[in-house]
Structure formats: structure tokens, C-alpha cells
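Secondary and tertiary structure notes
Residue strings, one per chain:
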Amino acid sequence: MTDRLDFTATWDETRQLLRSHGEGVGAIAGAMLFLPDWVANMFMQTEQLSDKATISEVAAQWQAMAAANWYILLPAFLCSLLGTVALYVLLARSDLPKIGDAIRAALVLLPTYFLAQLLSGLIFGLGLLVLILPGLYLIGRFAPLGAVIATGQSG
Amino acid sequence: MDPSSALAITRGNGWVSFLLLFLVMLVAFVVLSVASLAIKLPLVLVVGPEGIPLVTHALGAFSNMVFSVITVALSVAIYRQLTAQPNI
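Residues numbered from 1 in each chain as written. Chains lettered and ligands numbered in written order. Predicted model: local features only at pLDDT ≥ 70, side-chain atom pairs only at ≥ 80, totals over all residues. Heavy atoms only, no water.

1. Focus on the packing of aromatic side chains
- Evaluation of the coordinates by the stated rule reveals seven aromatic pairs over all chains.
- Between F34 of chain A and W38 of chain A, the ring centres sit 5.4 Å apart and the planes meet at 35°, which makes this aromatic pair tilted. Of this pair, F34 of chain A and W38 of chain A are both found in helix α2 (residues 22–43), four residues apart, which corresponds to roughly one turn of the helix.
- Owing to a relative accessible area of 18%, F34 of chain A belongs among the buried residues under this scheme.
- A residue is classified by how much of its surface remains accessible, and W38 of chain A, at 22% relative accessible area, is partly exposed.
- Between Y137 of chain A and W15 of chain B the ring centres are 5.5 Å apart and the planes differ by 50°, which places this aromatic pair in the tilted class. One end of the pair, Y137 of chain A, is in helix α6 (residues 133–141); the other, W15 of chain B, is in helix α2 (residues 14–47), on a second chain.
- One aromatic cluster in this structure is built from Y137 of chain A together with W15, F18 and F22 of chain B. (Phe/Tyr/Trp six-rings, centres within 6.5 Å; stacked < 30°, edge-to-face > 60°. Helix = DSSP H or I, 4+ residues; strand = E, 2+ residues; numbered from the N terminus. Buried < 20%, exposed > 50% of the residue type's maximum accessible area, 1.4 Å probe, protein only.)

2. Things to note about the interface of chain A and chain B
- With 51 residues of chain A at the contact, the number on the chain B side is 50 residues.
- Interface area, chain A with chain B, both sides summed: about 4800 Å², of which 73% is carbon and sulfur.
- The largest share of the area that chain A buries against chain B comes from L5, E13 and R141 of chain A, three residues that together contribute 15% of it.
- Linking chain A with chain B are nine residue pairs in polar contact (both at pLDDT 80 or more), by the criterion used here.
- The leading source of residues in the side of chain A that touches chain B is helix α1 (residues 7–20) of chain A, at 11 residues.
- Looking at the side of chain A that touches chain B, its residues break down into 30 nonpolar, 15 polar and six charged. (Contact = heavy atoms within 4.5 Å. Buried area = accessible area lost by both parts, 1.4 Å probe. Polar contact = N/O pair within 3.5 Å; in protein donor to acceptor, adjacent residues only side chain to side chain. Nonpolar A, V, L, I, M, F, W, Y, C, P; charged D, E, K, R; others polar.)

3. Some details on the packing of α1 of chain A against α2 of chain B
- Put simply, α1 of chain A and α2 of chain B touch, their axes get as near as 11 Å, and they point 55° apart. When the interaxial angle is binned, α1 of chain A and α2 of chain B end up oblique. Crossing geometry of α1 of chain A relative to α2 of chain B is assigned as right-handed. Here α1 of chain A contributes F7, T10 and W11 of chain A to the contact with α2 of chain B, which in turn contributes V16, L19, L20, L23 and V24 of chain B.
- When its residues are assigned to classes, the contact of α1 of chain A with α2 of chain B shows seven nonpolar, one polar and no charged. (Axes fitted to C-alpha atoms, helices over the stretch in contact; angles between N-to-C directions. Parallel < 35°, antiparallel > 145°, perpendicular 65-115°, else oblique. Left-handed = near helix turned anticlockwise from the far one by under 90°.)

4. A short note on the pattern of salt bridges
Residues and elements named next belong to chain A.
- Per the counting criterion, the structure on display carries two salt bridges over all chains.
- With its nearest N and O atoms 3.7 Å apart, the salt bridge here joins D12 to R15. Here D12 and its partner R15 are both found in helix α1, three residues apart, which amounts to about one turn of the helix.
- Taking the relative accessible area as the measure of exposure, D12 reaches 30% and is therefore partly exposed.
- Linking R104 and D101 is a salt bridge whose minimum nitrogen-to-oxygen distance equals 3.0 Å. Of this pair, R104 and D101 both sit in helix α5 (residues 99–131), three residues apart, which is roughly one turn of that helix.
- Take R104: its relative accessible area is 54%, and that puts it in the exposed class.
- Classification of D101 by relative accessible area gives partly exposed; the value is 25%. (Salt bridge = Lys/Arg side-chain N within 4 Å of Asp/Glu carboxyl O.)

5. Describing a nonpolar patch on the surface
- Together, L35, V39, M42 and F43 of chain A together with L37, L41, L45, V46, V47, I52 and L54 of chain B make up an exposed nonpolar region whose accessible area comes to about 1100 Å².
- Of all elements in the fold, only α2 of chain A together with α2 of chain B reach the threshold of two or more residues within the nonpolar patch.
- Considering every element that reaches the nonpolar patch, the biggest residue donor is α2 of chain B, with five residues.
- As for its placement among the helices and strands, L54 of chain B is situated in helix α3 (residues 53–82). (Patch = residues over 30% accessible without salt bridge, like charges linked within 9 Å, V, L, I, M, F, W, Y side chains within 5 Å. Areas by Shrake-Rupley, 256 points an atom, 1.4 Å probe, with all protein chains shown as cover.)

As C-alpha cells, then:
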């Protein structure tokens, strides 16, 4: 395990990953992230929020909007989640270079990824509530979580 | 599979990982905002404050997609670097 994360090497690696898997990343991101989001936003019924609305009024309006549009938001969310896990599999696992294989593996990993994201989100939230800084630090500590799940690495 | 091993991988690199994610997202946000404005502005001037919903929503969805792709790629790169499995 490397001691210190090198900014330049990590950024170079990011670019290299995107270049070498460009076709797969473009196909998965376009079909499973961009399209559902675009379609959901097009068909969602939204009301213009008042400029003078309080936080609780904004929250109530968001809740009402989610309740009125759940049948659009839920499939879009699931599709995006599956697409994200498929991207992790495609980029993190060299043994599954095909898009179909990555999506099949993502389907199996989806519940674990969802639970891990939910738990880490709660931990970030608690950290941010405490003093902000612990939450930011935890975002850094959990940065490779998706890759760990995609590769199936154990402790 | 043990998701808590993410914590073991980033031991001693929590702040560096956060800073890298933050800086890349900040740059991506600025670039996407400027590009989005360059496309939206002529539409707003011609059509009105609503613009063309099809294009406006497409721009929003595209920005979200770019953020997601960068987050995933950066996360995998951090994982590979810290577990000494570089792709390059």
C-alpha cells in the first residue's frame, strides 16, 4: 500500500482510465446517467419556489414534489445507481472490460453499493453536523468506497 | 467484500483525498457553469427567461453526468494509487 497520495499521479491515472475506457464510459454514462435524468426532468411536474420561502417551506415543497413524481424519480434513480456501479466495475476491474459484463456485475453489487452509500451518507451527515470538518475528512476517507465494492476487496 | 476496507486504504490520506476531490469538482463546476451559460444565454435572449426546456434540462443532466463520471474515475484512481495498482 502506498503511504502518500500523489495529486499528479492520481490525476494522470484518472485521465488514463477515462481514455482507455472512453467508449464504455460514454455508453454507460449516456444511457444510464444522462438519459434518465433528462427524461425525468422533462416529465416531472414542478412548481416555482417562492423567493421568500423559508427552509421548512422549501423542504415541504420538495417533499410534495417527490411524492407527486415518485413514479418518474424512482426508476430514474435506480437506473442512475446501476449506471454508477457499472462505471465502477468497468474502471476498477480489468477482468470485465465489456459493457454487458460490467452491467451484469453491477446488478449483483447494487444492493451492497446502495446500503454502503446510505451508511456512509449518514456518517458524512453526522460528521458535517458536528463541526463540518469531520464530515469533510470522512468524505476523503470513504473516497475509494465504490471501487472497493466493485473489486470485492475484503479488509 | 468489506466496505470498511475503504477506511484502511485511505488511512493517513483522508485530507489529501478530500482536497483532490474538492479541487477537481471545483474546476469541473466552473468549466461546466461557463459552458452552460454560453449555451443558455443566447436561448434566454431569444426565447425568454424559460429558455427551451428540452435544452435547459439536457444541460442540467449533462452536468450531473460529467460530475458522476469524474467522481467515479477519481475514486477508482485514488483506490488504484493507494493500493499500488496503477493503470499507467
